[in-house]
Amino acid sequence: MKNTPFTAKHQERGAKMAEFAGYNMPISYTGINDEHATVRRNAGVFDVSHMGEFMLKGPGALDLIQRVTSNDASKLTAGKAQYSCLPNDQGGIIDDLLVYCIEENNVYMLVVNASNIEKDWNWISKHNAPAGAEGQAVEMHNISEQTGLLAVQGPNATKILQPLTDMDILNLKYYTFVKGRFAGVDNVLVSATGYTGAGGVEIYFEDKDGAGEKIWNAIFEAGEPQGLKPIGLGARDTLRLEMGFALYGNDIDDSTSPLEAGLGWITKFTKDFTAKEILQKQKEAGITRKLVGFEMVDKGIPRHGYTIVTEGGEAIGYVTSGTQSPSLGKAIGMGYVRKELADIDSNIYIKVRDKQLQAKVVKIPFE
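Worth saying up front: this structure is predicted, and the values here are computed from it rather than measured. (Residues numbered from 1 in each chain as written. Predicted model: local features only at pLDDT ≥ 70, side-chain atom pairs only at ≥ 80, totals over all residues. Heavy atoms only, no water.)

## Quick notes on the sheet that holds strand β10 (residues 177-182)
Line of reasoning, step 1. An order of β10-β11-β12-β9-β3-β13 is seen for the 6 strands of this open sheet, with the pairing classed as mixed. Here the strands that pair on one side only, and so sit at the sheet edges, are β10 and β13 (229-231). Ignoring strand direction, the axes of neighbouring strands in this sheet form an average angle of 30°.
Line of reasoning, step 2. In this sheet, strand β12 (residues 200-206) lies alongside strand β9 (residues 147-153) in antiparallel orientation, the contact comprising 7 bridges. Residue Gln 153 lies in a different strand from β12, and its bridge partner there is Gly 200. (Pairing = 2+ DSSP bridges. Helix = DSSP H or I, 4+ residues; strand = E, 2+ residues; numbered from the N terminus. Axes fitted to C-alpha atoms, helices over the stretch in contact; angles between N-to-C directions.)

## Focus: the environment of Thr 158
Line of reasoning, step 1. The topology assignment puts Thr 158 in helix α5 (residues 157-161).
Line of reasoning, step 2. Note on Thr 158: relative accessible area 16%, which makes it buried.
Line of reasoning, step 3. On a C-alpha basis, the gap between Thr 158 and Thr 7 in space is 24 Å, while along the polypeptide they are 151 residues apart.
Line of reasoning, step 4. The contacts of Thr 158, once residues within four sequence positions are left out, are Ile 169, Leu 170 and Val 201. (Buried < 20%, exposed > 50% of the residue type's maximum accessible area, 1.4 Å probe, protein only. Contact = heavy atoms within 4.5 Å.)

## Examining the sheet that holds strand β4 (residues 52-57)
Line of reasoning, step 1. Spatial strand order, β5-β6-β7-β4-β8: 5 strands in an open sheet with antiparallel pairing. Each edge of the sheet is formed by a strand with only one pairing partner; in this case those strands are β5 (80-87) and β8 (139-142). Across the sheet, the axes of successive neighbouring strands diverge by a mean angle of 25°, strand direction being ignored.
Line of reasoning, step 2. Alignment of β4 against strand β7 (residues 107-112), held across 6 bridges, turns out to be antiparallel. Its bridge partner being in β7, Lys 57 is matched across the sheet by Val 107.

## Some thoughts on the UniProt feature "domain: Aminomethyltransferase C-terminal" (unreviewed entry) in the protein
Line of reasoning, step 1. Taking the UniProt record as the reference, the feature "domain: Aminomethyltransferase C-terminal" (unreviewed entry) is found at residues 289-366.
Line of reasoning, step 2. For residues 289-366, the end-to-end C-alpha separation is 20 Å, with 0% helix and 55% strand making up the annotated structure. (UniProt positions renumbered as here; feature names shortened; annotations may be inferred.)

## A short note on the UniProt feature "binding site: substrate" (unreviewed entry) in the protein
Line of reasoning, step 1. Here, UniProt's "binding site: substrate" (unreviewed entry) annotation points to Glu 202.
Line of reasoning, step 2. Owing to a relative accessible area of 9%, Glu 202 belongs among the buried residues under this scheme.
Line of reasoning, step 3. Excluding residues that lie within four positions of it along the chain, Glu 202 makes contacts with Val 48, Leu 98, Tyr 100, Leu 149, Leu 150, Ala 151, Leu 189, Val 190, Ser 191, Thr 193 and Gly 194.

## Re the nonpolar core
Line of reasoning, step 1. Among the nonpolar cores identified, the biggest contains 37 residues, and Leu 98, Tyr 100, Met 109, Val 111, Tyr 204, Ile 252 and Leu 263 are the most heavily contacted of them.
Line of reasoning, step 2. Those elements that provide at least two residues to this core are β5, β6 (93-103), β7, β9, α7 (233-243) and β17 (331-338).
Line of reasoning, step 3. Looking at this core, you find at least three residues from each of domain 1 (6-49 + 145-241) and domain 2 (288-366).
Line of reasoning, step 4. Apart from the residues lying within four places of it in its own chain, the contact partners of Leu 98 are Gln 82, Tyr 83, Met 109, Leu 110, Val 111, Tyr 175, Thr 193, Glu 202 and Tyr 204.
Line of reasoning, step 5. With 30 residues, the next largest nonpolar core counts Leu 161, Leu 164, Val 190 and Ala 211 among its residues. (Core = buried A, V, L, I, M, F, W, Y, C linked by side-chain atoms within 4.5 Å. Domains from an automatic or database assignment.)

Next up, the structure:
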């Protein structure tokens, strides 16, 4: 297993550790419910250094990003970021990712899921201009191994962090970022992104000369007196699920289209991109299945892979994510169902062993 710059810190604090995407990662410290509540009400620190980062540089960088991603990156100006996905040739999703515009038309950073680093790199490289082709190949750098990343999430996150930098992170708008000195470390990128729905920032830095140690220590020195805690991946999952955010490998994958997954808003038909025609036809014909949120009516917790059926027992889909929601005190989930049963308040049933448990389709985010 690979370590992140913070593996020793997690172990010192008694985290329950497990393998995730090839990394030794903290799953929980004090318990998922406690950590979940800390982020919703105050602020928590996630080590997400396992994520992948690619730098794309040169005059063709934007053009390459436009060809391989579904969203319209030409709308990005320096200091702005965008959620997007990489469609495959069949209209499925290779990965979902963030696109950061460092320098307009010239320098971009792509942030991809840890388990997909190699797959994404190979896919983007394949679409890069080959030698001898018109236009120059884009300079690509996989900086994943050298990049540390902490997500400090929660309503009080920026207030706790602001004293550690001269950059204005208190007023950072959603999906924008700044670069500068943070906690005594230069060239740190702080972005108003994150996957919890609780507000906060993500902090990217080059992992050299003890930068990770400096940043971690400064954050906890500033935040611990105010109730800041380290948070594991278990609470990250319950937090993102309450918001209805898709998790790659669960809710979206190579066989699900962005339109089926409710990601039509990041699928822009005003430009050319991989599988545009397939997805355009799907949009015109109408999708046959849809990712929905549901809450349990009967007692029971839905789990990834459970079959979704009609009252009569006919299979109509499957559960992609499910949990007992710590904030809402009820069992919730997401799953694909046939389009005609995707309307709010539709009754569906989750097959748990030999029982059919009733659930109803609800709007996302859950409330």
